[in-house]
Amino acid sequence: MPLASTLRMAVLALLWGSGFLWIKLALNHGLSPLQITVARCALGAGVLLALALAARQRLPRDRRTWGHLLVAAFFCNALPFALFSIGEQTVDSGTAGVLNATTPLWALLLGLLLGTDRPLSPAHLTGLLLGFTGVLLIFAPWQRAGLMTGGALALLGAAVSYAVAFAYMGRHLTGRDAPLAVSAAQLLTATGWAGLALPAGDSGGTGADLTALIAVTVLGIFGTGVTFYLNYRLIADEGATSAATVGYLLPVVSVALGSLFLDERVGPRVIAGMVVVLAGVALARPRRAAKCLTPRRTTPPPHPEPAG
């Protein structure tokens, strides 16, 4: 389980780390924030429905589960997806990365207040603080403008929304049978939430070109469908706060990809920040996640399935 969880976190960070790029491309090539939100939710739901069908998993049928899904879909998908697209209209990717990386800290605060997560050890708490320190070193927000704008507040709101969702999902939805089907049901619900807001949105998106369509397709299939299932399993395996630490890895991924494929310069400060982030995430993760979670399960744990 620890190895499988580590691999899920690595793939999740890799796919999510490119998400800001696809959102920016879709916005710059004609799609509106709400159109991006609806498209990525619908495409992600399609991916998970196909995986659930292949695994012979059925959508939930009880009203109680669908009630939980309504709440989780709003805070984990519809609201933050829309806020990310709105925020990136005016905020650069570096500032977005710093604000997104506050998610583990909000998850920690909510977990402590609500009692939804396991008690944190000193090493775990140190890891969370180290991870955020590393993100600050990478992006150096003191050298940037725009941390108190409307777009920045939208991105901060998205981070808080994710933290609320992780805590809620960890308490009411994870640890069930048919995780693919439950994940698909949540994204279907999120598509409905976003679709309800679409008529009230702006009139942008009429000039969307092929680049925008490709960007939102990649974002929906890989950056939403596959990553949502991986994140769902990570919350079940390690708890909401530990799962949220994947947010610290996103800037490491984006910086590494920029250096490898875009010939972007990486200085000593950025390298030091990446090392601090990796050390923080290593400290923040539980040592024996599977054993800790065993008493919490009320049904037999689902057999691990391929993510893609």
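Residues numbered from 1 in each chain as written. Predicted model: local features only at pLDDT ≥ 70, side-chain atom pairs only at ≥ 80, totals over all residues. Heavy atoms only, no water.

Asker: Would you take a moment to explain the overall build of the chain for this structure?
Answerer: A count of helical and extended segments in the chain gives 14 helices and 0 strands. Counting helices and strands in the order they occur from the N terminus, the chain gives α-α-α-α-α-α-α-α-α-α-α-α-α-α. Sorting the 308 residues of the chain into buried and exposed places 52% on the buried side. Counting only contacts in the chain whose residues sit at least 6 apart along the sequence, the fraction spanning at least 24 positions is 92%. Looking at the chain as shown, the accessible area adds up to about 13,800 Å², and 69% of this sits on carbon and sulfur atoms. (Helix = DSSP H or I, 4+ residues; strand = E, 2+ residues; numbered from the N terminus. Buried < 20%, exposed > 50% of the residue type's maximum accessible area, 1.4 Å probe, protein only. Contact = heavy atoms within 4.5 Å. Areas by Shrake-Rupley, 256 points an atom, 1.4 Å probe, with all protein chains shown as cover.)

Asker: Explain a nonpolar patch on the surface here, please?
Answerer: Nonpolar side chains collect at one region of the surface, where Leu70, Val71, Trp193 and Leu196 lie side by side and expose about 370 Å² of accessible area between them. Counting only elements with at least two residues in the nonpolar patch, the list comes to α4 (63-87) and α9 (179-197). (Patch = residues over 30% accessible without salt bridge, like charges linked within 9 Å, V, L, I, M, F, W, Y side chains within 5 Å. Salt bridge = Lys/Arg side-chain N within 4 Å of Asp/Glu carboxyl O.)

Asker: Looking at this structure, how should I read the packing of helix α3 (residues 33-54) against α9?
Answerer: A pair of packed helices can be characterised by two numbers: the angle between their axes and the separation between those axes. The N-to-C vectors of α3 and α9 enclose an angle of 160 degrees; their axes lie 8 Å apart at closest approach. Regarding the angle of α3 to α9, the classification is roughly antiparallel. When you trace α3 past α9, the crossing you get is left-handed. Of the residues in α9, those touching α3 at Leu34, Thr37, Val38, Cys41, Ala42, Gly44, Ala45, Leu48, Leu49, Leu51 and Ala52 are Leu180, Ala181, Ser183, Ala184, Leu187, Leu188, Ala190, Thr191, Ala194, Gly195 and Ala197. (Axes fitted to C-alpha atoms, helices over the stretch in contact; angles between N-to-C directions. Parallel < 35°, antiparallel > 145°, perpendicular 65-115°, else oblique. Left-handed = near helix turned anticlockwise from the far one by under 90°.)

Asker: Mind showing me how you'd approach the nonpolar core here?
Answerer: Most often, soluble globular proteins have nonpolar side chains that are buried together. In terms of nonpolar packing, the biggest core is built from 78 residues, with Ile138, Met169, Tyr248 and Val277 touching the most fellow members. Top element by residues in this core is helix α10 (residues 210-238). It accounts for 11 residues. Those residues within four positions of Ile138 in sequence are excluded, and the remaining contacts are Pro251, Val252, Val255, Arg269, Val270, Gly273, Met274 and Val277. (Core = buried A, V, L, I, M, F, W, Y, C linked by side-chain atoms within 4.5 Å.)

Asker: Can you walk me through the environment of Ala4 in this structure?
Answerer: By secondary structure assignment, the location of Ala4 is in helix α1 (residues 2-17). A relative accessible area of 30% means that Ala4 is categorised as partly exposed. Measuring from C-alpha to C-alpha, the distance between Ala4 and Asp237 comes to 9.7 Å, with 233 residues separating the pair along the chain.

Asker: Whenever I open this one, helix α2 (residues 19-28) confuses me. Can you help?
Answerer: Because the α-helix completes a turn every 3.6 residues, residues three or four places apart line up on one side. Among all positions in α2, only Gly19, Phe20, Ile23, Ala26 and Leu27 are buried. Relative to the axis of α2, the buried residues are bounded by an arc of 130 degrees and lie together on one face. Gly30, located one to two residues past α2, shows a positive phi value of around 115 degrees. (Arc of directions from axis to C-beta.)

Asker: When you look at unusual backbone geometry in this model, what are you seeing that I'm missing?
Answerer: We note that Arg56 has phi near 60 degrees; this positive angle belongs to a residue other than glycine. Among the secondary structure elements, Arg56 is positioned in the loop between α3 and α4.

Asker: Can you help me understand the packing of aromatic side chains in this one?
Answerer: Given two aromatic rings, their pairing is described by the distance between the two centres and the angle made by the two planes. Using the criterion set out here, one finds 5 aromatic pairs in the structure. Ring centres 6.4 Å apart and planes at 45 degrees place the aromatic pair Trp16 and Tyr162 in the tilted group. One end of the pair, Trp16, is in helix α1; the other, Tyr162, is in helix α8 (residues 150-172), and 146 residues separate them in sequence. For Tyr162, a relative accessible area of 8% corresponds to the buried category. Where Phe84 meets Tyr162, the ring centres are 5.7 Å apart and the plane angle is 40 degrees; that geometry is what we call tilted. Taken together, the residues Phe84 in helix α4 and Tyr162 in helix α8 connect sequence positions 78 residues apart. We note that Phe84, like Tyr162, is buried. One residue, Arg40, lies across the ring of Phe81, its end atom 3.6 Å from the ring centre. (Phe/Tyr/Trp six-rings, centres within 6.5 Å; stacked < 30°, edge-to-face > 60°. Lys NZ or Arg CZ within 6 Å of the ring centre and 35° of its normal.)

Asker: Explanation requested: the environment of Arg265 in the structure shown.
Answerer: Looking at the element boundaries, Arg265 is found in the loop between α12 (246-261) and α13 (268-284). Taking the C-alpha atoms as reference points, Arg265 and Val255, separated by 10 residues in sequence, lie 9.2 Å from one another.

Asker: I tried to follow the side chain of Thr227 on my own but got confused; where do I start?
Answerer: Relative to the helices and strands, Thr227 is located in helix α10. Overall, the relative accessible area of 0% leaves Thr227 in the buried class. Side-chain polar atoms of Thr227 contact the backbone oxygen of Gly223, separated by 2.8 Å. Once you skip the residues sitting within four places of it in the chain, Thr227 turns out to touch Leu12, Leu15, Trp16 and Phe222. (Polar contact = N/O pair within 3.5 Å; in protein donor to acceptor, adjacent residues only side chain to side chain.)

Scope: geometric values only; no functional claims are made or implied.
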